[in-house]
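Coordinate analysis (summary)
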Amino acid sequence: MIAELIARGDLPPYLILFFVIIGIGMVLFAVSQRKAFNATLQRVAGKMDGTFVPGGLFSEPSLEFRFEGRSARVEFWTGSKNSPQYSKVVVGISGVSPGVLHILEDGFGQSFLKLFGAQDLEIGDPDFDRDYVIKATPSGLAKRLFSPDLQREGIRVVRRLRGFISPTFDVDVQAVTVMVRQYLRDERDLVKLIDCARDFTAFVLRKSESGEVVLGEVRVATGGACPVCGTPMTTGTVRCELCRTPHHPECWQYMGRCSTYACAGKRSVA
Ligand SMILES: [Zn+2]
Ligand SMILES: [Zn+2]
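Residues numbered from 1 in each chain as written. Chains lettered and ligands numbered in written order. Predicted model: local features only at pLDDT ≥ 70, side-chain atom pairs only at ≥ 80, totals over all residues. Heavy atoms only, no water.

Turning next to the environment of serine 71. Summarising the element assignment, serine 71 is placed in strand 3 (residues 70-77). Sequence spacing of serine 71 and valine 90 is 19 residues, and the spatial spacing of their C-alpha atoms is 8.5 Å. Leave out the neighbours within four places in its chain, and serine 71 touches Phe65, Arg66, Val90, Val91, Gly92 and Tyr261. (Helix = DSSP H or I, 4+ residues; strand = E, 2+ residues; numbered from the N terminus. Contact = heavy atoms within 4.5 Å.)

Below, the discussion takes up the pattern of salt bridges. Taken as a whole and assessed by the stated rule, the structure comprises 14 salt bridges. The partner of glutamate 75 in a salt bridge is arginine 73, and the shortest N-O contact between them spans 3.1 Å. Its relative accessible area of 12% is what places glutamate 75 among the buried residues. Among the residues examined, arginine 73 registers a relative accessible area of 29% and is labelled partly exposed. For aspartate 195, the salt bridge identified is with arginine 198, shortest N-O distance 2.8 Å. Of this pair, aspartate 195 and arginine 198 both sit in helix 7 (residues 187-204), separated by 3 residues, roughly a single helical turn. A single salt-bridge network, built from bridges that share partners, covers Glu105, Asp127, Arg130, Asp131, Arg159 and Arg162. (Salt bridge = Lys/Arg side-chain N within 4 Å of Asp/Glu carboxyl O. Buried < 20%, exposed > 50% of the residue type's maximum accessible area, 1.4 Å probe, protein only.)

With 35 residues, helix 2 (residues 13-47) should reach 51 Å at 1.5 Å per residue; the first-to-last C-alpha distance of 51 Å fits that figure. Taken together, the buried positions of helix 2 are occupied by Phe37, Asn38, Thr40, Leu41, Val44 and Ala45. Along its buried surface, helix 2 packs onto strand 1 (51-53), strand 2 (62-67), strand 3 and helix 7. (Expected span 1.5 Å × (residues − 1).)

Across the 7 residues that make up strand 4 (residues 86-92), a large majority, 7, are buried. Examined bridge by bridge, strand 3 and strand 4 share 6 bridges and lie antiparallel to one another. Bridge assignment links valine 74 to a residue of strand 4, and that residue is valine 89. As judged from the 6 bridges shared by strand 4 and strand 8 (residues 175-180), these two strands associate in the antiparallel manner. Bridging across to strand 8, lysine 88 finds its partner in methionine 179. (Pairing = 2+ DSSP bridges.)

For helix 6 (residues 151-159), every residue scored as buried is listed here: Gln151, Gly154, Ile155, Val157 and Val158. For helix 6, the angular spread of buried residues about the axis comes to 165 degrees, placing them on one side. Against the buried residues of helix 6 lie strand 5 (100-105), helix 4 (126-131), strand 6 (132-137), strand 7 (168-171) and helix 7. (Arc of directions from axis to C-beta.)

Protein coordination of the zinc ion (ligand 2) is provided by Cys240 (SG), Cys243 (SG), Cys258 (SG) and Cys263 (SG), with donor distances spanning 2.3 to 2.4 Å. Each donor residue of the zinc ion (ligand 2) belongs to the same chain, and together they define the spacing C-x2-C-x14-C-x4-C. (Donors = N, O, S within 2.8 Å, 3.2 Å for Na, K, Ca; no water.)

Read from one edge to the other, the open sheet built from 3 strands follows the order 10-9-11, with strand pairing classed as antiparallel. Each edge of the open sheet carries a strand with a single partner, namely strand 10 (246-247) and strand 11 (268-269). The pairing of strand 9 (residues 238-240) with strand 10 spans 2 bridges and is antiparallel. Among the inter-strand pairings, arginine 239 is bridged to a residue of strand 10, identified as proline 246.

Judged by side-chain polarity, Ile16, Val20, Ile24 and Leu28 come together as a nonpolar surface patch covering roughly 370 Å² of accessible area. In this fold, isoleucine 24 is placed in helix 2. (Patch = residues over 30% accessible without salt bridge, like charges linked within 9 Å, V, L, I, M, F, W, Y side chains within 5 Å. Areas by Shrake-Rupley, 256 points an atom, 1.4 Å probe, with all protein chains shown as cover.)

Shape descriptors only; they carry no functional weight alone.
Next up, the structure:
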């Protein structure tokens, strides 16, 4: 309707001025929000010994860390029609990944979970088994990681993100990803997420008492298997528009972007 008025030249000058002022106000607000967020990220980077990577006009800012010699990245996504917003920490563990493991709060990610069939892993802690869904390939991985003597530590780390929106803990052959479905702007929340991701990575890659990596030799066969869930792919896969790696559509949606470590692909093609 406004466009029509403009096209006909009927829009009164005071209204044009009004819209221009509103427009400028919105831009200034967005700029000040971005500035405040960048300042928050810089403080978090300083506090936790990381590097702040400013975003561009069309890209989000990020943070980079080293967790025990492994590179880690904190990424944000404001959300789009097909992928909800998120904040995530991705830690590269290529070559030492114990397999594929996913921990989700009960009730989240139903279509993604169907890929694992009837598998319902329990670690033997009734409260934890009630509140969380655990999926793994190989399926014995969950029990081995959450062995009775060490599971208290794992449970404590996972439960720290209780209260965030749909937190998930994902391990695949290349990375550990700890993600919440919200755009974290608060400094304390960010520190909590990063701390939790660091401790979860340490838990997954922890050394046994004898000093050996407990699960180092277990490998998920990558030939023909989806990089996210570790189960076979048949028809109807989607590919990353940048690196062409095939994924299940459900797995792509669940991760919100390409699962190839350090690939920036955010869109999939058939
Ligand atoms: Zn998959
Ligand atoms: Zn990719």
